[in-house]
Structures are given as structure tokens and as C-alpha cells.
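# Geometric and topological summary
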Amino acid sequence: MNIRKPVSLVALGVAIVVQSACSHQKVARPADTNPVVFKDVSDSVGLVTQANWKYGGPAVADLNNDGHYDFLLSNHNSTPVQLFMGKPDNRFKEVKNVFAKVDLHGISAGDYDADGDNDILLSLGGGNGLKPQPQRLLRNDNGQYTDVTEEAGISKLGARGRSVRWVDLDNDGDLDFMQVNAAKMVNESAPRNIIFENIGNGNFRYVKSPGFEEVEAERVLITDYDNDNVMDVIAFTSYDKTSIWQGNGDFTFTNTTDAVFPQGHDGYPGAITIAQADIDNDGDLDYYFARGKLYYTIANNSISFDKEKQTLDLRDVGSKSHDGLTLYADSDLVLNDFYHFPKAKLLEFMPVFIGANKQQITTPHADHTVTQAQAKGFPTEITETGWYLGYLGDNKWRLEWMLTDDLAWDVRASFTGVSGYEASWQPQNLAVPDVLLRNDNGVLTDISQRIPEKLNSNNWGVTTGDFNNDGNADFFVYRFGELKRRVADVMLLNNGDGHFTSSVAHNATTEVGLKSHGDSGVAFDFDLDGKIDILSGDDDNGKWHLYKNITDNTDNNHLLLKVGYSQNGVDPYGAKVWITTHNRTQYKLIGSSNANHSQSLLNIAHFGLGQDDMISDITVRWRDGTTQTLKNKQANQLLTLGKSL
């Protein structure tokens, strides 16, 4: 059976001007003459990690509330939970044995028991629906983490966990949480998505939430798009439409998608990560959707071909199928890397058969040269699972692959020495255009047409921060890259007049040219020097990287504001911050500035101030309605509003 499915072309990056934000502003200002530049300081600060799989970025939070950010890292199912604690000398120390190795997806930190430190939620996979798992709750007792899942009353409802979120859904001052899961299997009776109410004394109870419980999503962004001080949710997934759910303050939500999204919207399917920031400093949150295709979708007749380097990489489905293509090579072919994700232990390896007589060779995971003489001819009959390669003469080769059953999640093959190829099917285009939505008083305006076509690629992540301290929110977009080659991620600098300038010359993609892929990350100021840094994870056996911002922008000022607990003891999640200087008012929602599977708590808020050296007003409003204000403060310092517990 020949299954045909719809090469991903990746823009390697030139300077781009993006006309975005305010539609009435037409003339772009010159970009900052000092480019934003980073240095990979991972090893020097103690963030030493191995090459592993990732799962949608880290969770960054100050777990012990000592004023230094800590990192919770998900390597999917390849290692135990990794926790790196930040130290006063801006180095990190790994805490071992936080939790055993599991099928880990999302992570989140929040102080559910109001004892002054942040506890951890873990979202576990459910074995493709065969073994539904409850989330795990790790109580933080002065740096010792105890699994209190059963004790807290949340062990009886499980699913195919994908994302967890701390959020106060009834505005009573304590943190509730939601578990967002993968699609239910036919044997699952639990809700698709599960909400637990914090009832005090360290306990939770399941609360029904009609509508939201069955939302088709694997990720959610906690936000307040309508500025009513009740948290809302943007629900999204890589394979379906995005929806917006207005919080009602009683564990229920109203689907406001059609009222909030632009008229005629298509639901913006394919969103993988969403970032929120006030890009036009008008007091509401705007949204950048990084969109693309994940591994299961990529495994569908995808090809990356580099004619100059004469390399060809292929991925296809691992289900029952028979497909092929013609290769051209002036001389020998080098088989570089043949690989598959097995669904069944029966397929321990996928054999490679050479020539008309189907000589079997060891499945190549390193360079294996096949000459034209060795591969002469092509089999007249193909009946077994495997790869088949034969030389047909006149520099023409034939490659076919056969799977006799649904045996793998995907199959992969790589070649060197290829001068061209022909296929009877259309290679899949992996690019999905990103989306930029401007918030106009609670209604979103689509300004995606101002994102340049050269940024149209398979983008898996986006994070946000003011990277050059000019007072405007920027974006950093993670690109998947080619099938077996990492490409540079893209910095979008906000010029403040409705335009963005793009750059790949930022040095914040260490693994360019390697076999890993862009995944996601979080932007924050890890060393409290007033410059926004980035923690990134490279997927497909890449590493974690901490990029220190070393930009020479001494002319621009900044403010760091640590938001503590309210006078009533309410934690910082959902707090709102406004700062006013001579030239602008800026606004931030405390919590996670972006969302994939994990959730960060960025309560050491960073503001770039441009040339302004005084802040006339700093106001924080906690979700319990209490406020605190500072007046007439100098720039370039760390201030604190709120108390410690």
C-alpha cells in the first residue's frame, strides 16, 4: 500500500523588518545600533546537562524565595526530574533525587500551602491511555520534596497528563490547579481536563467545570485578556484549533473564542507555544503564537535536502505502508543514520537490504558506504519490513521502505553523496505561519501579516522580554530547523513604533549545525544585572543552555521589581504591575510569560526603561485586591514590593 502525504525549507536568517503592533504607525525607526548578544555560560555557572529529549521548555521559579531563580527541567522520559537551585554567586547546584524517572511532561511551581516556599506539580503521561496517571504533588519542606499526592486527595483522577497550571480559579487567595491532558482513549471515563480546588489544610477536591473539561488542548496559557482581574485561559494544541475561555471566578469558564478572535478566524491551529506581553504599552496583553508541526506530524514523508552538501534526510510514518523515492548520486552512497521509534519490542531493528539479491547489512548508525557494484539491481519482490536500496545504472538509485504493520512512531534515514532526488509524492511542507495578535481592549486584532515570510518555518517555541532595555517587549522564536540540523533561532526586537527588527546574529543558539532541534525556553534575568537572559532546551538529544545577555546597552536603564506576598499572605501569581516613567507606562502580569507544557513563576519582574532614569510610580495589585505603591525611585536597582512569609 502506497501512502502519500502532503521538504521543510528553513530561512537561515537575514535582517528583517516586521511591521507590527499599531496599525496607524507607518514609518519604522532605525533599530538599536547595539545588537543584542548572548554568551553561553551553562558550564561556567554549573548548569551541566547531558544530551536528552525535552518536552516544551523549562519551569523557572524562585522555589525557596531567596531572590534567585531556580530551574526545573523536563527531559521527557530519559532522566529523573532535574532541579538546579540558584545561588547568590549566580551559579547553580543540582539537587538530586527530587523524583524518580518517569514519563514527565509539564512542571509547575507554586505555594499551595502558603508556607513561604514553592511546591512542585508534575504532569505524567498515561501510557497512551493504557495507564492513566494522576499528576504528582511534591510538597516543599525547606528544600526537601515529599510526594503528597495521596495525602492531598488528588490521586484518584488520572489521565494522559500533558500540562499542569497553578491558578487561583475562585479568587479566594489560595492556589487551585488544573491538569490538561492528551485526548482520551475509548476506555477512559475521567474528564479530559481536570480542575482541583484548594480546600485548605493541604487538601484538594475535584471540581466539575462543564465545557472546559472536554476542551481539545494539551497546553494552556493563564492570562487576563479582558483585564477584569479574573484569570482566563487560552487553550491550544499542535493538531487542533486554539480557543479562549473567559474565567467566571467559580471554576467555570465561558467560551469567548468567536467574540475575542478576529472575525473570520480559522482557530489558529498548530500553536505549540504562546507568549504574552504588552507590545504597544497600552495596558493589555498581546499574544505571539509560535506554530509548527511536532514529531508525529513530521513523520509523514518529510525531506531535508542540501544540494551543496549532498545530504538527504528522510522521515516517514511507522504504520503499515510501502513507499519510496529515486536518488541520484555520481558515485557511492553513504548511509549515515537509520533510526526508528518502535511501538513494539518486536521491531528491535529495521533491516537494510542492498541490491537485487537483498543482501542484509547492519542497520547503519554511523557512516556506511555502499558502492554501485554492491547495490546493483533492485528486488522484484518486497515482502518484509525493512529498507531496500538498489543501484539502477546511470547514477540512479532506488530506495523503498516497507512496514508490514504499525510498528513504529516514525522511521528515519540519512544519506550523503546525493546530487538529487525524485518522488511520486509531494514532500511535506513543515512550515506553519506564526500568529501575532494585538489586544484592543479585550478584542484581538490579527496583525500576523506583518510577520515576514522569511520567518515562516516550523517554530516550536517563543519567549518574551525586553532584551535591549529600550522599554519595549521583544520576542525570541525557537525554530525546529531541518530534519537533522539545528538552525539559528530568531530575535524579534520591538522598535516601539509598530515595527520589529529580526536578527539571528545573537549567539543564543549554541547547537547550530548539530543534529538537535529548537524546542522552547524562558527569558528572565538570572544574575540580576538588569539584562534579560535566556534558558533554552534543545530537543532530539540536545542540551540545556543558559545564555547570558552581554549586550552593550549601557545607555539604557532598567528596573528589577521583586513581587512578594500581599499583606494578606497571597502569593504573587496573578499579581499585576504597572510602572510609569517620563516616556511610558509599562504593565506586566506576574506568572508565566509564555506557555508550553510547563509553567514559570517570574516574580522578579524586569523592565527596560530606555533613557528614563526615574520611575515616578510603581504599583502592584495582588489578586486579593490589595495594592502597594512606590513613588519616585531611581532606575537601575532591585526593589521589593510585598512581604516574605
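What comes next is a walk through the structure.

About the thresholds
Chains are numbered independently. Their residues run from 1 in the order of the written sequence. For this predicted model, a pLDDT threshold of at least 70 governs which residues receive local features, and a threshold of 80 or more governs which side-chain atom pairs are given and counted, while totals over whole chains, interfaces and linings are taken from all residues. As a rule here, side-chain values come from all non-hydrogen atoms in the structure, and water together with hydrogens is ignored. Think of it this way: any DSSP run of H or I at least four residues long counts as a helix, any run of E at least two long counts as a strand, and we number them from the N terminus. Here the globule rule reads 2.2 Å times residues to the power 0.38, and the radius of gyration is calculated from C-alpha atoms. For each residue, the accessible area found with a 1.4 Å probe, counting protein chains only, is set against the maximum for its type, and the residue is called buried under 20%, exposed over 50%, and partly exposed in between. Counting rule applied: Lys, Arg positive; Asp, Glu negative; His and chain ends not counted. To locate a charge, take atom NZ for lysine, CZ for arginine, CG for aspartate or CD for glutamate. Strands are labelled as partners when DSSP assigns at least two bridges between them. Axis geometry follows a simple rule: fit a line to the C-alpha atoms, using only the stretch in contact for helices, then measure angles between N-to-C directions, giving values from 0 to 180 degrees.

Along its length, the protein chain carries two helices and 49 strands. Relative to a compact globule of 645 residues, whose C-alpha radius of gyration would be 26 Å, the protein chain shows 25 Å and is just as compact. Taken over the C-alpha atoms alone, the protein chain extends approximately 80 × 60 × 50 Å along its principal axes. Sorting the 645 residues of the protein chain into buried and exposed places 63% on the buried side. If the 57 positive side-chain charges of the protein chain are averaged to one point and the 86 negative ones to another, these points end up 4 Å apart.

One open sheet accounts for four strands, arranged β11-β12-β13-β14; its pairing is antiparallel. Each of the sheet's edge strands pairs with one partner strand only, and the pair in question is β11 (161–167) and β14 (203–207). In this sheet, neighbouring strand axes are inclined to one another by 25° on average, regardless of whether the strands run parallel or antiparallel. Relative to strand β12 (residues 176–181), β11 runs antiparallel, the two sharing six bridges. By the bridge assignment for β12, Gly 161 is matched with Asn 181.

Let us now look at unusual backbone geometry. The backbone of Asn 97 shows a phi angle near 60°, a positive value even though the residue is not glycine. Along the chain, Asn 97 turns up in the loop between β6 (92–95) and β7 (104–110). Within the chain, Asn 636 stands out as a residue other than glycine whose phi angle is a positive 65°. Relative to the assigned elements, Asn 636 resides in the loop between β48 (627–634) and β49 (638–641). A relative accessible area of 41% means that Asn 636 is categorised as partly exposed.

Let's shift gears to the sheet that holds strand β33 (residues 435–440). Across the sheet, which stays open at both edges, the five strands sit in the order β34-β33-β20-β19-β45 with antiparallel pairing between neighbours. Because the sheet does not close on itself, it has two edges, and the strands there are β34 (443–446) and β45 (594–595). With three bridges joining them, strand β20 (residues 286–291) and β33 adopt antiparallel strand pairing. Paired with Tyr 287 across the strands is Leu 437, a residue of β33.

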